[in-house]
Amino acid sequence: MGDFREVVTNLNLINMGFQGSKYTWSNGRPGNENIQSRLDKVFVTAQWHSLFPSRMVHNRPRLHSDHSPLIVFFNEVHGLGGAHRK
């Protein structure tokens, strides 16, 4: 885990945060044996972060896996310039 944190720090990656469930993983066991954790996150560069100011990460409900799917929504691109094609 230390190596991962070092890479995130060295590359100046930004954690996009999330909306939805706090946990993205569960061992699927019932009752007191159930363990949940936030294992999955979305990291982006500062350039990506500024290109997509209307971005959001949604943690969706787990269906067929022990991990929740993460969906990234982004509406607008800023700072690319140039003509738009139709």
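Note: the structure precedes this text.
For the structure given in this document, a descriptive report is provided here.

**So, the overall build of the protein**
Turning to step 1, where the next piece is worked out: The helix and strand tally for the protein stands at two helices and seven strands.
Turning to step 2, where the next piece is worked out: Written out in order from the N terminus, the α and β elements of the protein read α-β-β-β-β-β-α-β-β.
Turning to step 3, where the next piece is worked out: Burial status across the protein gives 16% buried among its 86 residues.
Turning to step 4, where the next piece is worked out: As presented, the protein carries roughly 6,900 Å² of accessible surface, and 53% of it is formed by carbon and sulfur atoms.

**Looking at the sheet that holds strand 7 (residues 70-74)**
Turning to step 1, where the next piece is worked out: Pairing is mixed in the open sheet, where three strands are placed in the order 2-6-7. One side of each edge strand has no neighbouring strand; the edge strands of this open sheet are strand 2 (19-20) and strand 7.
Turning to step 2, where the next piece is worked out: As defined by bridge partners, strand 2 adjoins strand 6 (residues 55-59) across two bridges and the pair is classed as parallel. What sits directly across from Q19, in strand 6, is H58.

**Focus on the packing of aromatic side chains**
Two descriptors summarise a pair of aromatic rings, namely the distance from one centre to the other and the angle between the planes of the rings.
Turning to step 1, where the next piece is worked out: Summed over the entire model, instances satisfying the criterion amount to four aromatic pairs.
Turning to step 2, where the next piece is worked out: Ring centres 4.5 Å apart and planes at 40° place the aromatic pair W48 and F52 in the tilted group.
Turning to step 3, where the next piece is worked out: Exposure remark for W48: the relative accessible area of 24% places this residue in the partly exposed category.
Turning to step 4, where the next piece is worked out: Counting every residue linked through ring pairs, the aromatic cluster contains W48, F52 and F74.

Procedures and definitions
Residues numbered from 1 in each chain as written. Predicted model: local features only at pLDDT ≥ 70, side-chain atom pairs only at ≥ 80, totals over all residues. Heavy atoms only, no water. Helix = DSSP H or I, 4+ residues; strand = E, 2+ residues; numbered from the N terminus. Buried < 20%, exposed > 50% of the residue type's maximum accessible area, 1.4 Å probe, protein only. Areas by Shrake-Rupley, 256 points an atom, 1.4 Å probe, with all protein chains shown as cover. Pairing = 2+ DSSP bridges. Phe/Tyr/Trp six-rings, centres within 6.5 Å; stacked < 30°, edge-to-face > 60°.

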